[in-house]
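If you want the building blocks of each chain, they are given just below.
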Amino acid sequence: MLWAQDPVKVAPNNFQVLLQNDHVRVLEFHSKSGRRSRCTRIRPYVALSIAGSGKTKFTSADGKVTEAPAKVGQVTWRDAETHASEYTGQGETRVWLVELKGAPGKAKP
């Protein structure tokens, strides 16, 4: 797997910056079913699915594969991570990712 970098730099066809300030960076991720995104590094983030339903496969830098359901309106928290992803569902997916700047790698209770 290639060395992970900022998703907007390595996968500009999949990621777009919607908002950026000192506290957050809001990205929109979009992809068609069956297309795999490149390996990227992302800060801790909240994800809001705004289109698509099915599953997303995440492949970590060490090759471990996990799957997560993907449905419109779903909101999830993810710790900082390095991964490639592949959406497997109907049509296209769109997800807003709200990265927390300066946040630690793990969520605090």
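Residues numbered from 1 in each chain as written. Predicted model: local features only at pLDDT ≥ 70, side-chain atom pairs only at ≥ 80, totals over all residues. Heavy atoms only, no water.

Participant: I would appreciate a short explanation of the overall build of the protein in the present structure.
Facilitator: From N to C terminus, the protein includes one helix and nine strands. Ordering the α and β elements of the protein from the N terminus gives α-β-β-β-β-β-β-β-β-β. Intrachain contacts of the protein at a sequence separation of at least 6 include 71% that bridge at least 24 residues. Accessible surface for the protein amounts to roughly 6,600 Å². Of this, 53% is attributable to carbon and sulfur atoms. (Helix = DSSP H or I, 4+ residues; strand = E, 2+ residues; numbered from the N terminus. Contact = heavy atoms within 4.5 Å. Areas by Shrake-Rupley, 256 points an atom, 1.4 Å probe, with all protein chains shown as cover.)

Participant: How should the nonpolar core be read in this particular structure?
Facilitator: Grouped burial of nonpolar side chains is what soluble globular proteins tend to show. Of all hydrophobic cores here, the largest spans ten residues; its members are Val10, Ala11, Phe15, Leu27, Phe29, Ile42, Tyr45, Ala47, Val95 and Leu97. Those elements giving two or more residues to this core turn out to be β2 (24-32), β4 (45-51) and β9 (92-100). Every residue in contact with Leu27, bar those within four places of it in the chain, is listed here: Pro7, Val8, Phe15, Gln16, Val17, Leu18, Ile42, Val95, Trp96, Leu97 and Glu99. (Core = buried A, V, L, I, M, F, W, Y, C linked by side-chain atoms within 4.5 Å. Buried < 20%, exposed > 50% of the residue type's maximum accessible area, 1.4 Å probe, protein only.)

Participant: So what exactly am I meant to see when it comes to the sheet that holds strand β6 (residues 65-70) here?
Facilitator: Strand pairing in a sheet takes place through backbone hydrogen bonds and is either antiparallel or parallel in direction. One open sheet accounts for four strands, arranged β3-β8-β5-β6; its pairing is antiparallel. Only two strands of the sheet have a single neighbouring strand rather than two, namely β3 (40-42) and β6. Ignoring which end each strand starts from, the neighbouring axes of this sheet average 40° apart. One ladder, built from six bridges, connects strand β5 (residues 54-60) with β6; its direction is antiparallel. Of the residues in β6, the one forming a bridge with Thr59 is Val65. (Pairing = 2+ DSSP bridges. Axes fitted to C-alpha atoms, helices over the stretch in contact; angles between N-to-C directions.)

Participant: Hey, could you run me through the sheet that holds β9 in this one?
Facilitator: Read from one edge of the open sheet, five strands run β1-β2-β9-β4-β7, paired in antiparallel fashion. Looking at strand neighbours, the two that pair on one side only are β1 (15-20) and β7 (75-78), the edges of this open sheet. With strand direction ignored, the average angle separating the axes of adjacent strands in the sheet is 25°. Pairing between β4 and β7: four bridges, direction antiparallel. Of the residues in β7, the one forming a bridge with Leu48 is Val75.

Participant: Please explain the confidence of the model for the protein as it appears in this structure.
Facilitator: Detailed reading of the predicted coordinates is not advisable wherever pLDDT is low. Of all residues in the protein, 90% have pLDDT values of 70 or greater, and the mean over the chain is 85. The weakest mean pLDDT in the protein belongs to β3 at 81; the strongest belongs to β1 at 95. (pLDDT = per-residue confidence, 0-100.)

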